[in-house]
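The lines below spell out each chain.
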Amino acid sequence: MYRTAVHFPNVVTMRRAPYSSESTLMVDSNITNSPEWNCIHTNDSETMFPTNFAWGAATSAYQIEGGWDVDDKGPSIWDTFCHEGGRLVFEGQSGDVTCNSYELWEEDLRCIRQLGLTHYRLSLSWSRLLPEGITRHVNQKGLRYYNKVINDLLASDVLPMVTLYHFDLPQALQDQGGWKSPEIAAIFDSYACFCFESFGDRVKLWITLNEPYVCAKLGHEDGIFAPGVKEPGMAAYLVGHNMLRGHARAWHSYNVLYRAKQGGSVSLAINSDWAEPLDPASPDDTAATERYLAFTLGWFAWPLFVTGDYPEVMRSSIEVRSKELGYQEGSRLPRFSKDEPSLLGTADFFALNYYTSRRVKPGECCPGLLGLKSDRDAEGVVDPSWPVCGVSWLAVVPDGLRKLLKYIKDTFNNPAVYITENGFSQVGPVDMEDVQRCGFYHDIIQEVARALREDGVDVRGYFAWSLLDNFEWADGFSVRFGLFHVDFSRPKRPRTAYRSGREYAGIISKYRSQTMVNI
């Protein structure tokens, strides 16, 4: 996870328009009539999006809110991880203050309105609402904060997509075993029901869990994300299993208790690369690619959309590796109980977080060691023709998103899809004239349009990561994905639109106006 900046030689550059990087974002009509809009050249007939297409941006509570110990908020595992294990975070940084959105929400709302978003994805801080993690103690100040956020969004004609869990488990629950504990599924369900009851009259798009793969692998196998557990080959599978159990309970609770009166939809956000064989003619590379996708996308999508269980290639690979190493303590990949709510069908839409792609070949196994990497036996490599942005892992492959969307359509019975995260990073000196990121958004949205029109994928929305520069987990503030730059050196954390923010606002306004004209 320690990443270095790399040169970005191949991105198509865009024509510059004369304007100050310090100016504030104009209203939509001025943006789309301005010279910088000339960067976008499209044929209207090729770029139409549905009239109800969700144009959004995303954030998460720990990454932007700050206020880690104010107004009766309880500590989360990321508070503990940064304060006690901060050596694993860039320069010992933390989310104690970050964008200070807890106090500066109105500034975030200004940014949202200036972009012309139709939707905004946010997450709730579990420990801000329930400091002990359970409903015995409800923090009314936290409840008022999120009620205000949701009400302000709706008053601005912006629909909220709300994530219940984005990596920040209450520390009180971690002290009881966290996601490794079988009891966590019922506790999460109780928390979810509290949120449905509190906000569901206004929130119609729910994400139960964000990127369970990251929580399981980086947090419980590699130990480089909170809670910093290193139990290779064991804990990740148990954590992923319990997260799926919690999701299933929450979905069924919503379906039985709230759907009829609230009319919302519930899903789980799954992160995945697009993967292709390094050598398409190689059977070994093809088989490795199947395993690569099974251990990332399939791990969490297969139970929800296909069989109610894990991919067979995932289970068989783990069992083969266990036998090779003489492991005889039962299956390391748990099995779902028939006595619990079924997982199959517990996603009302497919929520996809996509950032990059890989060419895949068989992995280099670690002799004698149990671990997810050796179980998967597949290594993803960056094609040298792909440009890389900011961090070394983020190869920019816009057509990989289109290919992944087509794969999801064909593999998971053509679900409705929301792209709930996608973005382009910046490191080093701040570049307000971020022309390369402008080019990225133009290219990636064209690929989404092609998936819609040419491949018939039912894409319902696109959420850019992120609205703001923020605390990027182990990378701290060294990596920036924001449409707005945040000056973390100043107490008031001023937000200033990058050029890419202007461009994204223009894209939204352009396509929304096209749909209005063609109604």
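Rules and cut-offs
- Residues numbered from 1 in each chain as written.
- Predicted model: local features only at pLDDT ≥ 70, side-chain atom pairs only at ≥ 80, totals over all residues.
- Heavy atoms only, no water.
- UniProt positions renumbered as here; feature names shortened; annotations may be inferred.
- Helix = DSSP H or I, 4+ residues; strand = E, 2+ residues; numbered from the N terminus.
- Buried < 20%, exposed > 50% of the residue type's maximum accessible area, 1.4 Å probe, protein only.
- Contact = heavy atoms within 4.5 Å.
- Areas by Shrake-Rupley, 256 points an atom, 1.4 Å probe, with all protein chains shown as cover.
- Pairing = 2+ DSSP bridges.
- Axes fitted to C-alpha atoms, helices over the stretch in contact; angles between N-to-C directions.
- pLDDT = per-residue confidence, 0-100.
- Core = buried A, V, L, I, M, F, W, Y, C linked by side-chain atoms within 4.5 Å.
- Phe/Tyr/Trp six-rings, centres within 6.5 Å; stacked < 30°, edge-to-face > 60°.
- Lys NZ or Arg CZ within 6 Å of the ring centre and 35° of its normal.
- Polar contact = N/O pair within 3.5 Å; in protein donor to acceptor, adjacent residues only side chain to side chain.

The protein appears in an unreviewed UniProt entry as Cytosolic beta-glucosidase isoform X1 from Salvelinus namaycush. If you open the UniProt record of the protein and go to Sequence similarities (unreviewed entry), you find "Belongs to the glycosyl hydrolase 1 family."

A separate point is the overall build of the protein. Counting secondary structure elements, the protein contains 16 helices and 13 strands. Each of the 519 residues in the protein was classed as buried or not, and the buried ones make up 62%. Nonlocal contacts in the protein, meaning residues at least 24 apart in sequence, comprise 78% of its contacts between residues at least 6 apart. Of the roughly 19,700 Å² of accessible surface on the protein, a fraction of 50% belongs to carbon and sulfur atoms.

With that out of the way, let us pick up the sheet that holds strand β11 (residues 459-465). Strands belonging to one sheet form pairs held by backbone hydrogen bonds; the direction of such a pair is parallel or antiparallel. Around the barrel, 8 strands lie side by side as β1-β2-β3-β4-β5-β7-β10-β11; this closed barrel has parallel pairing. Strand-to-strand twist of the sheet, defined as the mean angle between neighbouring strand axes without regard to direction, takes the value 25 degrees.

A few words on the UniProt feature "active site" (unreviewed entry) in the protein. When the UniProt feature table is mapped onto this chain numbering, "active site" (unreviewed entry) sits at Glu 421. As for its placement among the helices and strands, Glu 421 is situated in strand β10 (residues 417-421). For Glu 421, a relative accessible area of 4% translates into the label buried. Apart from residues lying up to four places away in sequence, Glu 421 is in contact with Arg 121, His 166, Asn 210, Glu 211, Leu 352, Asn 353, Tyr 354, Tyr 355, Phe 463 and Trp 465.

This paragraph deals with the sheet that holds strand β6 (residues 274-277). Spatial strand order, β6-β8-β9: 3 strands in an open sheet with mixed pairing. Pairing within the sheet leaves two strands with one partner each, and these edge strands are β6 and β9 (378-381). Across this sheet, the average inter-strand angle for adjacent strands is 40 degrees, counted without regard to direction. Both β6 and strand β8 (residues 357-362) contribute to a ladder of 4 bridges, which runs parallel. By the bridge assignment for β8, Ala 275 is matched with Arg 358. Where helix α14 (residues 398-411) meets the sheet, its contacts fall on β6 and β8, and the angle it forms with β6 comes to roughly 90 degrees.

Turning our eyes to something else, we now look at the confidence of the model for the protein. When pLDDT is averaged across the protein, the result is 91; 90% of the residues are at 70 or more. Segment residues 1-46 is flagged for pLDDT under 50; beyond a separation of four residues in sequence, or across chains, it makes 104 contacts in the model.

The next thing to look at is helix α4 (residues 105-115). For α4, every residue scored as buried is listed here: Trp 105, Asp 108, Leu 109, Cys 111, Ile 112, Gln 114 and Leu 115. Once α4 ends, the next one or two residues include Gly 116, with phi positive near 75 degrees.

In terms of nonpolar packing, the biggest core is built from 149 residues, with Trp 78, Trp 179 and Tyr 462 touching the most fellow members. Each residue touching Tyr 462, except ones within four places of it in the same chain, is listed here: Phe 53, Ala 54, Trp 55, Gly 56, Ile 419, Asn 422, Phe 440, Tyr 441, Ile 444, Ile 445, Val 448 and Tyr 504. By size, the runner-up hydrophobic cluster in this structure holds 6 residues, among which are Ala 275, Ala 288, Leu 293 and Val 360.

Our focus in this paragraph is the environment of Leu 268. Considering the arrangement of structural elements, one finds Leu 268 in strand β5 (residues 265-271). Exposure remark for Leu 268: the relative accessible area of 1% places this residue in the buried category. Along the backbone, Leu 268 and Ala 248 are 20 residues apart, and their C-alpha atoms lie at a distance of 9.7 Å. Beyond its immediate sequence surroundings of up to four residues, Leu 268 is in contact with Ile 207, Thr 208, Leu 209, Pro 212, Leu 244, His 247, Phe 300, Leu 304 and Ala 351.

A full pass over the atoms with the stated rule returns 48 aromatic pairs. Plain terms: the ring middles of Trp 55 and Tyr 511 are 5.8 Å apart, the flat faces sit at 35 degrees to each other, and that makes the pair tilted. Here Trp 55, found in strand β1 (residues 54-58), pairs with Tyr 511, found in helix α16 (residues 499-517); they are 456 residues apart in sequence, far enough to count as distant. Given a relative accessible area of 2%, Trp 55 falls into the buried group. The buried category is assigned to Tyr 511, whose relative accessible area is 2%. Ring centres of Trp 78 and Phe 225 lie 5.4 Å apart, and the angle between their planes is 75 degrees; on these two criteria the pair is classed as edge-to-face. Of this pair, Trp 78 sits in helix α3 (residues 77-84) while Phe 225 sits in the loop between α9 (212-220) and α10 (235-262), and the two are 147 residues apart along the sequence. For the pair Trp 78 and Phe 225, one class covers both residues: buried. Put simply, the rings of Tyr 62, Trp 78, Phe 81, Phe 167, Phe 225, Phe 471, Trp 473, Phe 477 and Phe 488 touch in pairs and so form one group of aromatic residues. The residue whose ring lies beneath Arg 332 is Tyr 327, and the NZ or CZ to ring-centre distance is 6.0 Å.

The subject of this paragraph is the side chain of Asp 455. As for its placement among the helices and strands, Asp 455 is situated in the loop between α15 (435-453) and β11. In this structure the side chain of Asp 455 is engaged in a polar contact, spanning 2.7 Å, whose partner is the side chain of Arg 402. Discounting residues that sit within four places of it in the chain, Asp 455 has contacts with Arg 402, Lys 406, Lys 409 and Arg 450.

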